[in-house]
Amino acid sequence: DMLDPERLIQCPLVKHHRIRARRFPYHLVKCKESNPEIAKKLATCPFNARHLVPPADLSDHIMKCSDKDFMEQDVVSRSCEPSQEQCSNGSTWQAPPCQEDWETELLEGSESTFVW
């Protein structure tokens with residue numbers, strides 16, 4: 001199951017490392033720091049930074065990457081939304097005036113001290 005945080009994933013840097021999915025992003029950061037020479041030899045997928053592949057295989061990976069579909073869907077859904085210009089021309093709503101002035105409050109000082 002791809003959504004299972006307990007599933008084991010093989011590290012792309014050191015093949016004998018098997019990491020739980022929920023810890024995988026943290027492992028990648030540490031493993032890249034521990035293995036900079038191996039990390040230099042891998043390219044990062046533009047759709048998912050967790051995908052590290054040899055540079056020669058990157059174009060093939062990009063064509064097949066499952067996360068590319070999510071990005072394309074996001075781009076399509078955003079292109080279907082009305083533009084800022086369309087929203088501003090058709091809407092009469094205005095934000096109410098703000099009563100807060102943080103700079104003045106900061107200069108005046110607070111009578112009560114915030115305690116965490």
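Residues numbered from 1 in each chain as written. Predicted model: local features only at pLDDT ≥ 70, side-chain atom pairs only at ≥ 80, totals over all residues. Heavy atoms only, no water.

So, on to the nonpolar core. Listed in full, the 11 residues of the largest apolar core are Ile9, Cys11, Leu13, Val14, Ile19, Ala21, Phe24, Leu28, Cys31, Leu42 and Leu52. Not counting chain neighbours up to four residues away, the residues in contact with leucine 28 comprise Pro12, Leu13, Ala49, Arg50 and Leu52. (Core = buried A, V, L, I, M, F, W, Y, C linked by side-chain atoms within 4.5 Å. Buried < 20%, exposed > 50% of the residue type's maximum accessible area, 1.4 Å probe, protein only. Contact = heavy atoms within 4.5 Å.)

What follows covers the UniProt feature "domain: CHHC U11-48K-type" (unreviewed entry) in the chain. Residues given the UniProt feature "domain: CHHC U11-48K-type" (unreviewed entry) here are residues 8-35 and 42-69. A distance of 20 Å separates the end C-alpha atoms of residues 8-35, which is 39% helix and 21% strand. Along residues 42-69, the helical share is 39% and the strand share 14%, with 23 Å between the first and last C-alpha atoms. (UniProt positions renumbered as here; feature names shortened; annotations may be inferred. Helix = DSSP H or I, 4+ residues; strand = E, 2+ residues; numbered from the N terminus.)

Under the definition given, this model contains 4 salt bridges. A salt bridge links arginine 20 to glutamate 6; the nearest nitrogen and oxygen atoms lie 3.4 Å apart. Placement of arginine 20 in strand E2 (residues 18-20) and of glutamate 6 in the segment before strand E1 (8-10) is noted, with a sequence separation of 14 residues between them. Take glutamate 6: its relative accessible area is 34%, and that puts it in the partly exposed class. Here the residues in one salt-bridge network are Glu6, Arg20 and Arg22, joined through shared partners. (Salt bridge = Lys/Arg side-chain N within 4 Å of Asp/Glu carboxyl O.)

Considering the arrangement of structural elements, one finds lysine 68 in helix H4 (residues 66-80). Note on lysine 68: relative accessible area 16%, which makes it buried. Once residues lying within four places of it in the same chain are set aside, the contact partners of lysine 68 are Phe47, Ile62 and Met63.

What follows is about helix H1 (residues 24-34). Within H1 the residues assigned to the buried category are Phe24, His27, Leu28 and Cys31. Within H1, the buried residues cover an arc of 100 degrees as seen down the axis, which keeps them to one side. Seen from the buried face of H1, the exposed residues on the opposite side, beyond 90 degrees, are Lys30 and Glu33. The elements touched by buried residues of H1 are E1, E2 and strand E4 (52-53). (Arc of directions from axis to C-beta.)

Among the surface-exposed residues, Glu100, Asp101, Glu103, Glu105 and Glu108 lie close enough to one another that they form a single negatively charged patch. One can find glutamate 100 in the loop between helix H5 (84-90) and helix H6 (102-108). Since its relative accessible area comes to 51%, glutamate 100 is described here as exposed. (Patch = residues over 30% accessible without salt bridge, like charges linked within 9 Å, V, L, I, M, F, W, Y side chains within 5 Å. Areas by Shrake-Rupley, 256 points an atom, 1.4 Å probe, with all protein chains shown as cover. Lys, Arg positive; Asp, Glu negative; His and termini not counted. Charge placed at Lys NZ, Arg CZ, Asp CG, Glu CD.)

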